[in-house]
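Listed below, chain by chain, are the residues.
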Amino acid sequence: MLAVGPNGAGKTNLLEAVHLATQGFSPRTRADAELVRFGTAGARVAVQGTRHGTPFEVELTIRPGEGKRAKLNGAALRTAEQLRAELPALVFTPDRLVVVKGSPAARRAYFDRALARLLPSRSSLPVEYAAAVGQRNAALRRVAARLSDSEALAPWTAQVAELGAALVTAREEAIAILAPAFAVKAAALGLPEGRLDYTGKVPTVEALEARLQRDIDRGITGLGPHLDDVGIRSGDRDLRSYGSQGEQRLAVLSLVLAEADCLAERRGGGPLLLLDDVLSELDRTRREALVQLLPANGQTLMTSTAADALAVEPGQLLVVSHGRVRVG
Amino acid sequence: MISPSVDNLVAQLTRLPGVGTRTAHRLAFHLLQRSTPEANALADAIREVKERVRFCQVCGNLTEQEVCGICQDPRRDRSVICVVEQPVDVVSVERTAEYRGLYHVLGGSLSPLDGIEPGDLRIGELFQRVQDGGVTEVVLATNPNMTGEATANYIADKLRGRTRVTRLASGLPVGGDLEYADEVTLGRALLGRREM
């Protein structure tokens, strides 16, 4: 589907609403109160669709002070975030460029979310590992302040080592799944020899013990996958530092498309793709290439200011103006 | 602002776990509408538990005596100790009616972020009980979360070679459907699968 309309008509808003209804949160902000129109008591999104050939209905309401409530096929969910596991959706917005050109932290966060989607049974690992590092850092500072001794540190060193090793393995697996598909999508969009490089540093108990004094002095754990980075390359060129804005955009888009393919293959149904303002920066050849790369068994919703940006059937065109949508 | 004493009651109720301002208001108005003896019964019950209930000197469970009923019970197996975080966990394990050993209540789990270290829990007392002899197994039944696991690991390390140490398995809720199990729990259950 292609949603077209002038700037400020509400195209991104439509995308955001679909994301909210399928994932339980906005891709733009975690402050749900920002999603409620000024002067109104609450917000509501209802979505009907089919997945794996069976119909489903989602209804999500936000009332400031009461939080979010989501219903799937009429049954209330414990948390709105549970939707995420039910209805996979991937999003591209112009600010996603930080995945390539931003700090290592932004890349870790992105690939850890991909890990959670590709390896759902290990989706809690990044959070658990971060909590273990937080506890160990607190223990380090207590040792430095002489409130505690290094013996109290031992269980946290063990937790960081155990969860860190599991996280490195899970990230390696997730990136091994993504990398081949990334190369294919990047090549088709004109970015040759796309590569994802990840070498995780496993924080063994011995290695952590060896640098214990430095960690105590600094009050932080200086070894482990919370400091890792993922290399995004075209050939030998590192796109993080040497990619042009256009190449970085193609890399992010290739990542999203690669994950869509991997999810489609692993889950037996393509995810919903939400691509905001992706066409304006692509030339005609690449726009046509993009259409060919979209997952065949999933749905894609794109926004554009120009109706002629893509050749689509009339039924696939949504005209957005002044916050209203009609099928073109 | 209705009256200072109502405000005070609401403020006190808000300090309870799981009670927000709105619930606190509802509870306060409910109490105001009840008869005086009925409302006082709640106040008396609170005063009474605080006066009478204390921690068992042996296991740290709640009791009205020096030593709790479980520790005093001659029918219990004194060679097994089940280690839990809170007194309420004793109630849960007791409900199974499967466990006939003794307990040891730690009073929480290790969490340096909250300033909780081995010295703040009743871990030394546990080691002393093992030291005193006669204990052939320690069952670690701390919560299956990060701080619970770290606490279990710490105790297991310290007791290694001194007695048998076991940990509760994690897996699927019985009587449930696989369909409703979350991926993380199901993944753990798959890792811990057994031969049949």
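Residues numbered from 1 in each chain as written. Chains lettered and ligands numbered in written order. Predicted model: local features only at pLDDT ≥ 70, side-chain atom pairs only at ≥ 80, totals over all residues. Heavy atoms only, no water.

**Brief notes about the environment of Cys71(B)**
All names here are of chain B. Selection criterion: Strands here are runs of E lasting at least two residues and helices are runs of H or I lasting at least four, both read from the DSSP assignment and numbered beginning at the N terminus. In this scheme, a residue with accessible area under 20% of its type's maximum is buried, one over 50% is exposed, and one in between is partly exposed, where area comes from a 1.4 Å probe on protein chains only. Any two residues having at least one pair of non-hydrogen atoms within 4.5 Å are treated as being in contact.
Within the secondary structure, cysteine 71 is located in helix H4 (residues 69-72). For cysteine 71, a relative accessible area of 9% puts it in the buried group. For the pair cysteine 71 and glycine 101, spaced 30 residues apart in sequence, the C-alpha to C-alpha distance is 9.1 Å. Excluding residues within four positions of it along the chain, cysteine 71 makes contact with Cys56, Val58, Cys59, Arg78 and Leu102.

**Digging into the environment of Glu85(B)**
Residue and element names in this part refer to chain B. What counts is decided by this rule: Under the rule applied, a polar contact is a pair of N or O atoms within 3.5 Å (in protein, one hydrogen donor and one hydrogen acceptor; residues adjacent in sequence only if both atoms are side-chain atoms).
Position of glutamate 85 among the secondary structure elements: in the loop between strand S3 (77-84) and helix H5 (87-95). Using a relative accessible area of 6% as the deciding quantity, one classes glutamate 85 as buried. In the structure, glutamate 85 is positioned 43 residues away from leucine 42 in sequence and 27 Å away in space, judged by C-alpha atoms. In this structure, glutamate 85 is in contact with Val105, Leu106, Gly107, Gly108, Ser109, Thr142, Asn143 and Gly148, ignoring residues within four places of it in sequence. From its side chain, glutamate 85 meets the backbone nitrogen of asparagine 143 in a polar contact 3.0 Å long.

**Comments concerning the pattern of salt bridges**
Oppositely charged side chains are able to pair whenever their charged atoms sit close together. Residues and elements named next belong to chain A. Put simply, the test is: One side-chain nitrogen of Lys or Arg within 4 Å of one carboxyl oxygen of Asp or Glu is enough to make a salt bridge.
According to the stated counting rule, one finds 36 salt bridges over all chains in the structure shown. The partner of aspartate 215 in a salt bridge is arginine 211, and the shortest N-O contact between them spans 3.0 Å. Each member of the pair, aspartate 215 as well as arginine 211, is classed as buried. Within this structure, Arg107, Asp229, Asp238 and Arg240 form a network of salt bridges that share partners.

**As for the packing of aromatic side chains**
All names here are of chain A. Filter applied, for reference: Between the rings of Phe, Tyr and Trp (Trp by its six-membered ring), a pair exists once the centres lie within 6.5 Å; its type follows the angle of the planes, with under 30 degrees stacked, over 60 edge-to-face, and the other angles tilted. Put simply, a charge is over a ring when the Lys NZ or the Arg CZ is close to the ring centre, within 6 Å, and near the line of the ring normal, within 35 degrees.
Under the counting rule described, the total for this entry stands at 2 aromatic pairs over all chains. Where tyrosine 110 meets phenylalanine 111, the ring centres are 5.4 Å apart and the plane angle is 90°; that geometry is what we call edge-to-face. For the pair formed by tyrosine 110 and phenylalanine 111, the shared burial category is buried. Over the face of the ring belonging to phenylalanine 25 we find arginine 30, whose NZ or CZ atom lies 4.0 Å from the ring centre.

**With respect to the packing of helix H1 (residues 4-14) of chain B against helix H2 (residues 21-33) of chain B**
Residues and elements named next belong to chain B. Stated formally: Where helices are involved, their axes are fitted lines through C-alpha atoms of the stretch in contact, as for all axes, and angles between N-to-C directions lie from 0 to 180°. Note on angle classes: values under 35 degrees are labelled roughly parallel, values over 145 roughly antiparallel, values of 65 to 115 roughly perpendicular, and the remainder oblique. Put simply, a crossing is left-handed when the front helix is turned counterclockwise from the back one by less than a right angle, and right-handed when it is turned clockwise. Polar here means any residue other than Ala, Val, Leu, Ile, Met, Phe, Trp, Tyr, Cys and Pro, which are nonpolar, and Asp, Glu, Lys and Arg, which are charged; Gly is therefore polar.
Between H1 and H2, the least distance of the axes is 9 Å, while the angle of their chain directions is 125°. Classed by the angle they form, the pair H1 and H2 counts as oblique. Note that H1 runs across H2; the crossing there is right-handed. Only Thr21, Ala24, His25, Leu27, Ala28, Leu31 and Leu32 of H2 make contact with H1, whose side of the interface consists of Val6, Leu9, Val10, Leu13 and Thr14. Along the lines of polarity and charge, the residues of the contact of H1 with H2 split into 9 nonpolar, 3 polar and no charged.

**Regarding a nonpolar patch on the surface**
Quick note on the threshold: Only residues whose relative accessible area exceeds 30% and that form no salt bridge enter a patch; like-charged residues are grouped when within 9 Å of one another, and nonpolar side chains (Val, Leu, Ile, Met, Phe, Trp, Tyr) when within 5 Å. In these tables, accessible area is a Shrake-Rupley quantity obtained with a 1.4 Å probe, and a residue counts as shielded only by the protein chains included in the view.
Judged by side-chain polarity, Ile2(B), Phe29(B) and Leu32(B) come together as a nonpolar surface patch covering roughly 300 Å² of accessible area. Within the secondary structure, Phe29(B) is located in helix H2.

**A short note on the domain arrangement of chain B**
The test is simple: An automatic or database domain assignment supplies the residue ranges for each domain.
Segmenting chain B into domains produces domain 1 (4-52) and domain 2 (67-195). For domain 1 of chain B versus domain 2 of chain B, the separation of C-alpha centres amounts to 34 Å.

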